[in-house]
Amino acid sequence: MSLTTFDGFGASVRRFSPRLLLSELMMKQWFEPVIPFFVMIGLWIGFSFAINDYASSINALSMLRLFAEFGFVALAMAFSLITGGIDLSVGAIFAFCNFAALYFVLVAELPVPLVILATLATGAVLGGINGFLIGVLKARPFLTTLVTLIILRATVNLLNTYYAQTFAINSTDSDAWDYIGSGAPLGIPLNAATLLVVLFVGHIFLSRSRYGWHLTAIGASRKAARHAGIRVRTMLFFTYVLSGVLCAAGGLFYAARQASTDSTTGVGWEFQALTAVVLGGVSLAGGKGTVWRAMIGALIVFTLTNGLVRMGIPGYVTSALIGMLLLAAVGIDVKWSKNRGKAIQKTYVNPARVALAAAPSVAAKSASPFAQNDRLLHADAIGLDQVEGPEDVILDRQDRVYGSTRDGNIIRFSGPDLKTREVFAHIGGRPLGMQFDRDENLIVAVAGMGVYGITPAGKSYKITDETNRTWYKLNDDSRLRMADDLDIAPDGKIYFSDCTTRYEMTTNTLDILEARPNGRLVCYDPATKTTRTVINHFYFPNGICVSHDGRSVLIASTSLCKVFRHWIEGPNKGRTEVLIDKLPGNPDNINRASDGTYWLALVGIRTPTFDLSMRNPGFRLRMVKQVPADEWLAPGLNHGCVLKFNEAGEPLESFWDPTGISHSTLTSMREHKGYLYLGGLENNRIGRVRLDGVDETWTGFDAYWGSKRRDRS
Amino acid sequence: MTIDAARGGASGALRRRGRALLASQEQIVLAITLSLIVIFSFALSGFATIDNFLNLLRSISILGILGLGLGMIVISRGIDLSEVAIMAGSWSIALIEMQNGMSVPLAIGVALLVALLIGCFNGFMVAFVEAPPLFVTLASAFVIYGAAFWFAPAWVVYAPKDSSVLTFLGAGRLFGVPMPILVFLFCALAMHLFMSQTSIGRFIYAQGDNPEAARLTGVALRPLMVLEYSIVALLAWVAGWVWVGTTGSMQMAIAQGTMIFDVILVVVLGGISLVGGRGSVFSVVVGCMLIGILLNAFTIMDVNSEVQNIVKGVVLLAAIVLDNFLHPRDEETARQGD
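Definitions and cut-offs
Residues numbered from 1 in each chain as written. Chains lettered and ligands numbered in written order. Predicted model: local features only at pLDDT ≥ 70, side-chain atom pairs only at ≥ 80, totals over all residues. Heavy atoms only, no water. Helix = DSSP H or I, 4+ residues; strand = E, 2+ residues; numbered from the N terminus. Rg over C-alpha atoms; globule rule 2.2 N^0.38 Å. Contact = heavy atoms within 4.5 Å. Areas by Shrake-Rupley, 256 points an atom, 1.4 Å probe, with all protein chains shown as cover. Lys, Arg positive; Asp, Glu negative; His and termini not counted. Charge placed at Lys NZ, Arg CZ, Asp CG, Glu CD. Buried < 20%, exposed > 50% of the residue type's maximum accessible area, 1.4 Å probe, protein only. Pairing = 2+ DSSP bridges. Core = buried A, V, L, I, M, F, W, Y, C linked by side-chain atoms within 4.5 Å. Buried area = accessible area lost by both parts, 1.4 Å probe. Salt bridge = Lys/Arg side-chain N within 4 Å of Asp/Glu carboxyl O. Polar contact = N/O pair within 3.5 Å; in protein donor to acceptor, adjacent residues only side chain to side chain. Axes fitted to C-alpha atoms, helices over the stretch in contact; angles between N-to-C directions. Parallel < 35°, antiparallel > 145°, perpendicular 65-115°, else oblique. Left-handed = near helix turned anticlockwise from the far one by under 90°. Nonpolar A, V, L, I, M, F, W, Y, C, P; charged D, E, K, R; others polar. Disulfide = S-S within 2.5 Å. Domains from an automatic or database assignment. Phe/Tyr/Trp six-rings, centres within 6.5 Å; stacked < 30°, edge-to-face > 60°.

Moving on to the overall build of chain A. Broken down by element type, chain A carries 19 helices and 24 strands. Against the compact-globule benchmark of 27 Å for 713 residues, chain A has a radius of gyration of 34 Å, which places it well outside the compact range. Principal-axis analysis of the C-alpha atoms places the extent of chain A at approximately 115 × 50 × 50 Å. A sequence separation of at least 24 residues applies to 63% of the contacts in chain A between residues at least 6 apart. Surface summary for chain A: the accessible area is close to 28,400 Å², and the carbon and sulfur share equals 59%. Across chain A, the mean location of the 69 positive side-chain charges is 5 Å away from that of the 60 negative side-chain charges.

Printed below as a string of C-alpha cells:
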C-alpha cells in the first residue's frame with residue numbers, strides 16, 4: 001500500500017542507494033558473520049569440485065561425526081573468549097578427558113552413565129583449576145592456560161605410555177558405549193546431535209539468560225561489570241569450568257569413537273579452535289560473539305584442514321595456512337571493532353536529489369497572498385523568557401494557554417492577561433504537537449518517546465511508542481523515533497507524523513538535508529489499542545490536521561515544501577494527493593481556522609541557493625562531512641510566517657514577522673476566540689495577535705468536539 | 001571518599017613494606033639458586049665439578065640469549081611467542097641453502113635477513129595493525145613453521161661439516177671457555193648497556209610502564225615496537241648461530257615444542273614482570289642460572305622429559321602467580337585481553 005501511495009506522489013519515488021544499503025547492513029549485528037558464512041559455503045563448494053564424492057550426504061554425515069568433537073572444543077574456546085579471557089588448555093583437557101573416559105571404561109570398568117558423569121567431572125575439575133587461577137587468583141588467562149596446557153599435555157603423555165598396554169589388551173562389549181561412539185539417532189551421528197542440542201542450550205544461555213549476559217558484560221568491560229555488581233571472579237571461575245566440561249564432552253565422544261589415545265590426540269586443537277572462533281567473528285577483545293559464529297568458524301577451519309588432508313597436502317602447509325588465517329582474522333577483528341562506528345557514521349547520511357517546485361514570490365506589496373508584511377511584528381508576548389521553544393501552543397475550554405517546551409514540559413499560562421505560569425506536566429523527551437481529545441485529555445506527540453496523554457489533572461500516561469515494523473526494511477523501524485504532530489479524527493483515532501526513522505530530535509536537520517522519504521504517517525486506534533503505519537516512506541511529514549469534515553488528513557511535508565491530503569473516509573479512502581504544490585517555505589504545523597479554512601506555519605523560508613542544493617546531493621554530502629554543523633546551508637530561518645489556505649489548497653493570506661525578532665522559526669499557531677496564538681521552535685515566548693472579522697466565540701475544542709463542528713452539518 | 005583514600009594509602013604502604021621485606025624477586029631467585037647449588041653439590045655426585053659447571057653454563061647460554069630478547073619485549077609490555085620459531089625457521093632455510101651450494105657467509109646473511117623480516121612483520125602487526133602481540137606471534141610461529149618446512153622439508157637440517165665460521169660460536173673455545181658462554185655474556189652486556197644507557201632503552205622501560213604516557217611524552221611508540229620485535233629476531237638469529245655450531249644441525253621440531261615456554265620461564269622467574277617496565281638483564285641471568293641448574297640436575301638424575309615439563313610448568317605457574325601477587329593488576333585500570 002505504501003508503494004502505491006507513493007507512485008501517486010509522482011516524482012518522489014524512493015531511489016535505491018548502494019551506500020545507504022551498505023550503511024544499514026553495517027549496523028546489523030548479523031551482518032558480521034555473513035562473510036564467514038559465505039566463506040564456509042565457498043569452501044564446501046570448492047572441495048566438492050576438488051574431491052570425488054565430496055558433495056554427498058554420506059560424506060556430509062561422516063564429516064559431521066568427525067567434526068562434532070572439534071565443535072565442542074571450539075565452543076569451549078568461544079565461551080572463554082566472550083568473557084575477555086582465553087583458554088589455551090582446551091586441546092589438552094580434551095586429550096586428558098579422552099584418556100580419562102578410556103580409563104573409566106577399560107580399567108575401572110564403570111557402567112556407562114557413570115563413565116559419562118566421571119569424565120565430565122574430570123573436565124570440570126581441570127577447568128576449575130584454570131578458573132581458580134584466573135578467576136580467584138586473577139592470573140593472566142593466556143599464560144596461565146598456556147602453562148596448564150603444557151602440564152596437562154605432559155601428564156597425558158606420561159599416563160598414555162603407562163596405560164598403553166592395558167588399553168590395548170582390555171576391551172569393552174558395552175552396547176551403550178558403542179552407541180556413544182557410533183550411534184546415529186534419526187540418521188544424525190550422536191555426537192553431532194548432542195553438539196546441536198548443546199549449541200541451542202548454549203545460545204539460549206548466552207543470549208537470553210542472566211548469567212549469559214553477565215558473561216558478555218564481563219567480556220565487554222570487566223570494570224563496568226564489576227561496578228554493576230556482577231560477581232566477576234565467580235563468573236570467570238565457572239566459565240572455565242564450563243569450558244572444561246565442554247572439552248570433556250568432546251573427549252568422551254572421541255574416546256567412544258576411536259577407543260585409543262596417543263600423544264597426538266588434540267595436539268594443536270587450541271590453536272585451531274582459536275583461529276576458528278576468531279574467524280567466525282567472536283571478538284578477541286571479549287564481550288562479542290555467539291555460539292553460531294563460533295560454529296561457522298569451526299566449520300571453516302575443519303572443512304579446510306579435512307579437505308587439505310584429503311587432497312594430500314602436507315600438514316605443515318595446513319599449519320601455515322591456519323596461521324595466516326589467524327593473523328588475518330585477528331587483524332580484521334581489531335581493525336573492524338575499532339572502526340565500525342566510524343564507518344557507519346561516514347556512510348550514514350545519504351542525500352538524494354529532490355527537484356522542488358518553483359518557489360512563489362514573497363515580494364512585499366505584491367498581489368501575491370505570500371507577500372511579506374509586518375502583521376506579526378507587534379504580537380503580544382505571553383510568558384516572555386518563561387518558555388523555551390514552545391513548538392506547539394493550544395488553548396483549553398477555560399482559555400488557558402499550553403506550550404510544549406524543549407525541557408520536556410508542558411507549560412500552562414492562566415489568569416487574567418495569562419500571567420500565571422505553571423508546569424502543567426513534565427513528560428520528558430521533546431514534546432511537540434498537541435491536541436485535546438473528547439475527554440479534554442491533552443494528547444502530545446513527544447519526539448524520542450512516542451505519543452503521550454495528560455489528564456486535566458496533569459497526570460501523564462503513555463498512549464503508544466511503537467508501530468508495526470516494515471518487514472523489508474533492514475532498520476528496525478518499530479519504535480517511534482520522532483513523533484512530531486498529531487490530530488484526532490471524529491472517531492477518536494489519533495493520526496500522527498513520525499517525521500524520521502533514521503535520525504533523532506537533535507539531528508533532524510540531517511533528515512531534511514538527506515531529503516529521503518524516511519518519515520511516516522501513523523494512526524493509533526483507541527478502540528483496539530493498536531498502532532499501525534498508514535503511509536510509509538514520507539518526506540519529513542510534519543504538521544497533521546484532520547480536515548473540517550473529518551474525512552481526510554492534511555499532512556505537511558517539510559522537506560518537499562508541499563501539503564498533502566490523505567483520505568480516511570469516503571470513496572477515495574486510502575489515497576493520498578497533493579493539496580498545495582508550491583509553498584514559499586518549509587511547512588510545519590497545520591491547524592483549523594474558524595472560517596472553515598486552515599492555518600499553516602512556515603518554519604523556514606526557501607532560498608534559491610537552498611533549492612539549488614536540494615538538486616545536488618553530492619554537494620550536501622560534502623557539506624555534511626566537511627563543514628561544521630552550524631555552518632550548514634539552511635533555509636531562511638530569520639522570518640516568521642503563518643499562512644491561511646482553504647479546503648481547495650489555495651493560499652488566502654499570510655502573516656509575517658520579517659525581522660524574526662519576535663517570532664522566527666514559527667512552527668505553530670492556534671486560533672482562539674478572535675486571537676491567533678503563535679509558537680515557535682526557537683522562540684522565547686508565545687505570541688498573540690488579534691484577528692479581524694472572525695467568529696469571536698470559536699475555539700479549537702468546540703471545532704473538534706463541541707458546537708462548532710462542521711463534519712455533521 | 002576520604003576513607004577510600006586512606007585505605008588505598010594504607011594498603012599501598014603495606015605493599016611497599018611487603019616489597020621491601022620480600023627483597024626483589026631477583027635476589028630471591030639468586031638465593032634459591034645458590035642454595036640449590038649447595039644442595040646439589042652434596043646430593044648429586046658429579047655436580048660440583050668445573051667441567052659440569054661449564055657444561056651447565058653452555059647448555060643454558062642459548063636459552064639465555066633467547067631470554068634476553070624476550071625479556072626486553074616483556075619489559076616493553078609485549079611478548080614474542082615466535083622467537084624459537086624464528087630461530088629454527090631462519091637457520092633451517094640458511095642451512096638448506098648451504099647444502100644447495102650457497103657460500104656460508106651469504107647463507108648466514110640470509111638467515112639474518114629472514115629473521116629480521118619476520119621480526120619487522122611481527123612489529124608491524126603489533127604496532128600498526130594494533131593486534132594483540134600474543135596472538136600475532138602465536139600465529140606467526142605457525143606460519144614460520146609451515147613456510148620453513150616448505151623451503152626445507154626435513155625435521156633436521158644438517159650443517160656442512162667443514163665450516164669453522166659456522167661452528168666457531170657454538171663449538172669453539174676461547175681461553176678454555178666454551179664460546180656459547182662468551183656469546184651469552186657479550187649479548188647480556190650489550191643488552192644491559194642498551195637498556196640502561198641509551199635513550200631508546202629507557203623509552204622501552206617507559207613504554208612498558210605506561211604506553212599511553214610514553215606516547216604523550218613524545219616517544220614514537222610504533223617505530224619503537226617494530227625495533228623491539230626486530231631486536232628479538234636478531235637475538236633469535238644469534239642464538240640460532242650458536243645452536244647450529246653446538247649441534248651441527250637445526251631441528252624444526254623445536255618450533256612446535258615447548259622450548260619457548262622455557263624462555264618465558266627464564267624471563268618471568270627472574271623477575272621481569274608481565275605488567276611491563278620492571279626487571280633487567282640481571283633478572284634474565286639469574287632466571288637462567290636457576291633453570292640451568294634444575295635442568296642439569298634433571299639430566300644427572302635422568303628424569304623423564306615429560307616429568308621435567310610438569311615440574312617446569314608448575315614452577316612457571318608459581319612464578320606467574322607470585323608475579324601477580326607482587327605486581328597486582330589494578331582492577332580499575334587493567335586492560336582487557338592480556
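A count of helical and extended segments in chain B gives 15 helices and four strands. For chain B, the C-alpha radius of gyration of 21 Å lies close to 20 Å, the compact-globule estimate for 338 residues. Out of the 338 residues in chain B, the part that is buried amounts to 53%. For chain B, restricting intrachain contacts to residue pairs at least 6 apart in sequence, the fraction spanning at least 24 positions comes to 77%. Approximately 14,800 Å² of chain B is accessible, and the part contributed by carbon and sulfur atoms is 69%.

Attention now goes to the pairing of strand β14 (residues 541–546) of chain A. For a regular strand, side chains alternate in direction, first toward one face of the sheet and then toward the other. Residue and element names in this part refer to chain A. Burial runs high along β14: six of the six residues are buried. For β14 and strand β15 (residues 552–557), the ladder comprises four bridges, and the chain directions are antiparallel. If you follow I544 over to β15, its bridge partner there is I555. What sits between the antiparallel neighbours β14 and β15 is a turn of five residues, in which G550 has the positive phi angle 70 degrees.

Attention now moves to the nonpolar core. Counting 220 residues, the largest nonpolar core has W177 and L274 of chain A together with M87, W91 and L166 of chain B as its most contacted members. By residue number, the principal contributor to this core is helix α11 (residues 221–247) of chain B, which donates 17 residues. Excluding anything up to four places from it in sequence, L166 of chain B contacts W91, L95, M98, V104, I108, A159, P160, W241, V244 and G245 of chain B. The next biggest cluster of nonpolar side chains, apart from the first, holds 46 residues, and it includes M434, L554, I605 and L643 of chain A.

Looking now at the interface of chain B and chain A. Frequently, the measure chosen for interface size is the accessible area that the parts lose on association. Contacts between chain B and chain A engage 46 residues on the former and 46 residues on the latter. Taking both partners together, chain B and chain A bury about 4,100 Å²; carbon and sulfur atoms supply 72% of that area. Applying the counting criterion to the chain B and chain A interface returns one salt bridge. The closest approach of N and O atoms between K338 of chain A and E130 of chain B, which form a salt bridge, is 3.0 Å. The tally of links from chain B across to chain A stands at three residue pairs in polar contact (both at pLDDT 80 or more). Only α5 (104–127), α6 (133–151), α13 (259–269) and α15 (305–326) of chain B provide two or more residues apiece to the side of chain B that touches chain A.

Residue and element names in this part refer to chain A. Where helix α9 (residues 190–208) meets helix α12 (residues 232–258), the axes come as close as 11 Å, and the angle between the chain directions of the two elements is 170 degrees. If you check the angle between α9 and α12, you find them roughly antiparallel. Here α9 runs over α12; the crossing is right-handed. For the pair formed by α9 and α12, the contact residues are L190, N191, T194 and V198 on the first element and L246, F253 and R257 on the second. For the contact of α9 with α12, the class distribution of residues is four nonpolar, two polar and one charged.

Here we come to the state of the cysteines. All names here are of chain B. One pass over the structure, following the stated rule, counts zero disulfides over all chains. No disulfide involves C187; its sulfur sits 12 Å from the nearest other cysteine sulfur, which is in C288. Given a relative accessible area of 0%, C288 falls into the buried group.

Residues and elements named next belong to chain A. As far as domains go, chain A holds domain 1 (18–346) and domain 2 (380–469 + 476–705). Tallying the contact residues gives five residues for domain 1 and five residues for domain 2. Here domain 1 and domain 2 share one salt bridge between them. When the shortest N-O distance is used, the salt bridge between E24 and R502 registers 3.4 Å. Inspection of the region where domain 1 meets domain 2 yields one residue pair in polar contact (both at pLDDT 80 or more). Among the elements that line the side of domain 1 that touches domain 2, the one with the most residues is helix α2 (residues 18–27), at three residues.

It is worth spelling out the packing of aromatic side chains at this point. Residues and elements named next belong to chain A. Applying the stated rule across the entire model yields 38 aromatic pairs over all chains. Ring geometry for F99 and Y163: centres 5.7 Å apart, planes at 55 degrees, overall tilted. With F99 in helix α5 (residues 90–107) and Y163 in helix α7 (residues 141–169), this residue pair connects regions lying 64 residues apart in the sequence. Taken together, a centroid distance of 5.2 Å and an interplanar angle of 80 degrees make the contact between F538 and F564 edge-to-face. Here F564 lies in strand β16 (residues 562–567) and F538 lies in strand β13 (residues 530–538), a separation of 26 residues in the sequence.

All names here are of chain A. Judged by pairing direction, the sheet is antiparallel, and its four strands sit side by side in the order β2-β3-β4-β5 without closing on themselves. A single partner strand is all that each edge strand has here, and the edge strands are β2 (393–395) and β5 (420–426). Going across the sheet, the axis of each strand differs from the next one's by a mean of 25 degrees, ignoring polarity. Summarising the sheet, β2 and strand β3 (residues 401–404) pair through three bridges and their orientation is antiparallel. Note that in β3 the partner of L395 across the bridge is V401.

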